[in-house]
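# Structural characterization, general
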Amino acid sequence: MEASYLKTYRAGELSERIKQSWALLESCCLCPRNCAVNRLEDKRSVCRTGRKAVVSSYGPHFGEEPPLVGRRGSGTIFFTWCNLRCQYCQNYSISQLGEGEEVEDEKLAQMMLSLQAMGCHNINFVSPTHVVPQILSALSIAIKGGFRMPLVYNTGGYDSVETLQLLDGIFDIYMPDMKYSDEKVARELSGIKNYPQVNQDAVKEMHRQAGDLVVDEHGVAQRGIILRHLVLPQGLAGSEETFRFLAQEISKDTYLNIMDQYHPCYKAYDHPQLGCRITGEEYQEAIQLALHYGLRRLDARRAWVLP
């Protein structure tokens, strides 16, 4: 299956999307925070990123979902900083402390081409929300260098529908988090307003563009949406409402990774409910809730919990 952005590029539409995305940085409204700083002049706000993207690391990754990893790995590019302030972030040295280096768009394109040369199945942009223009510019450069791989938009889920619409016909695979179903919890744990509604609107747009996950004969993702939901202690993630939304408003065929790897780190011990791991019972309850709502396309690594 040919990557969608090649058709967009040949039609001359990619250059226009690039212009539109850069224009959003002049008074930044790239994400729902709408900080309104001029990032083109290197002014910075919540995401602490100016004109240039900051990259922490890149390389083949084998710890992602099986449809992304395949046999040769997912070509991950980890962007530094984030538009969220999750108190328990397990990658906090990257997302909150700024571990990484600024890169020109040409360098980002070189990373993409390098990962393609290594044989990775896709390019997996981790935390791309605040650097969409830089990604699109690098993509244009990479295409001229022979780049042909599908792109993965691996996001915390606090994305603007308007920005996502610029990515229609460019990204084939979307992998958003659905972190919370309660606005108060989202504000307290991640410092963001109206996360549930923003997140649900974003997921609807991603699914409109890409649909349910499609894999090739080897089980490798070609197109579609992969949903991640991290189970938090004491029901803080609001799992039942998330699963109800997916089943009733997205699709019961949604590929869903219900994640059990929560452990306290960063500032989690400052919160009375976050200072412990989840229990086996809490995780089993989440799985059973997903099954109750008819969501059976669960990540294969969780098959041991199925009845």
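Bear in mind the structure is a predicted one, so any value in this text is a computation, not a measurement. (Residues numbered from 1 in each chain as written. Predicted model: local features only at pLDDT ≥ 70, side-chain atom pairs only at ≥ 80, totals over all residues. Heavy atoms only, no water.)

### Some details on the UniProt feature "binding site: [4Fe-4S] cluster" (unreviewed entry) in the chain
- Taking the UniProt record as the reference, the feature "binding site: [4Fe-4S] cluster" (unreviewed entry) is found at C82, C86 and C89. In the annotation above, C82, C86 and C89 are the residues that line the largest pocket.
- Setting aside anything within four residues of it in sequence, one finds C86 in contact with Q96, K179, Y180, L189, S190 and Y266.
- Note that C89 resides in the loop between β2 (74–79) and α4 (92–95).
- For C89, the contacting residues outside a window of four places in its chain are S95, C265 and Y266. (UniProt positions renumbered as here; feature names shortened; annotations may be inferred. 1 Å grid on protein atoms, 1.4 Å probe; cavity = no way out; pocket = protein on both sides within 12 Å on 5 of 7 lines; lining within 4 Å. Contact = heavy atoms within 4.5 Å. Helix = DSSP H or I, 4+ residues; strand = E, 2+ residues; numbered from the N terminus.)

### Structural notes on the pattern of salt bridges
- Taken as a whole and judged by the stated rule, the model has 16 salt bridges.
- For R10, the salt bridge is made with E2, and the minimal N-O distance between the two is 2.9 Å.
- For R10, a relative accessible area of 55% puts it in the exposed group.
- Its relative accessible area of 46% is what places E2 among the partly exposed residues.
- Between E249 and K204 there is a salt bridge whose closest N-O contact spans 3.1 Å. Placement of the pair is E249 in helix α10 (residues 239–250) and K204 in helix α9 (residues 195–210), with a sequence separation of 45 residues.
- For E249, a relative accessible area of 36% gives the class partly exposed. (Salt bridge = Lys/Arg side-chain N within 4 Å of Asp/Glu carboxyl O. Buried < 20%, exposed > 50% of the residue type's maximum accessible area, 1.4 Å probe, protein only.)

### Some thoughts on the pairing of strand β1 (residues 53–61)
- Strand direction decides the pairing type here: β1 and strand β3 (residues 101–103), joined by three bridges, are antiparallel. Its bridge partner lying in β3, A53 is registered against V103.
- Strand direction decides the pairing type here: β1 and β2, joined by six bridges, are antiparallel. Pairing of G59 across the sheet is with T76, part of β2. (Pairing = 2+ DSSP bridges.)

### A look at the environment of E205
- Positionally, E205 belongs in helix α9.
- For E205, a relative accessible area of 7% puts it in the buried group.
- Residues in contact with E205, not counting those within four places in the same chain, are V161, L164 and Q165.
- Within polar-contact distance, the side chain of E205 engages the side chain of R208 at 2.7 Å. (Polar contact = N/O pair within 3.5 Å; in protein donor to acceptor, adjacent residues only side chain to side chain.)

### Side note on empty space enclosed by the protein
- Applying the stated rule across the entire model yields two cavities of 30 Å³ or more.
- Around the largest cavity, the lining is made up of 13 residues, and of these C28, C31, C35, R39 and C47 lie nearest the centre.
- Along the lines of polarity and charge, the residues of the lining of the largest cavity split into seven nonpolar, four polar and two charged.
- Roughly 40 Å³ of volume is contained in the second largest cavity.
- Y88, M178, K179, L230 and L232 are the residues that line the second largest cavity.
- Class assignment of the residues belonging to the lining of the second largest cavity gives a composition of four nonpolar, no polar and one charged. (Points joined across faces, edges and corners; volume = space filled by probe spheres on them. Nonpolar A, V, L, I, M, F, W, Y, C, P; charged D, E, K, R; others polar.)

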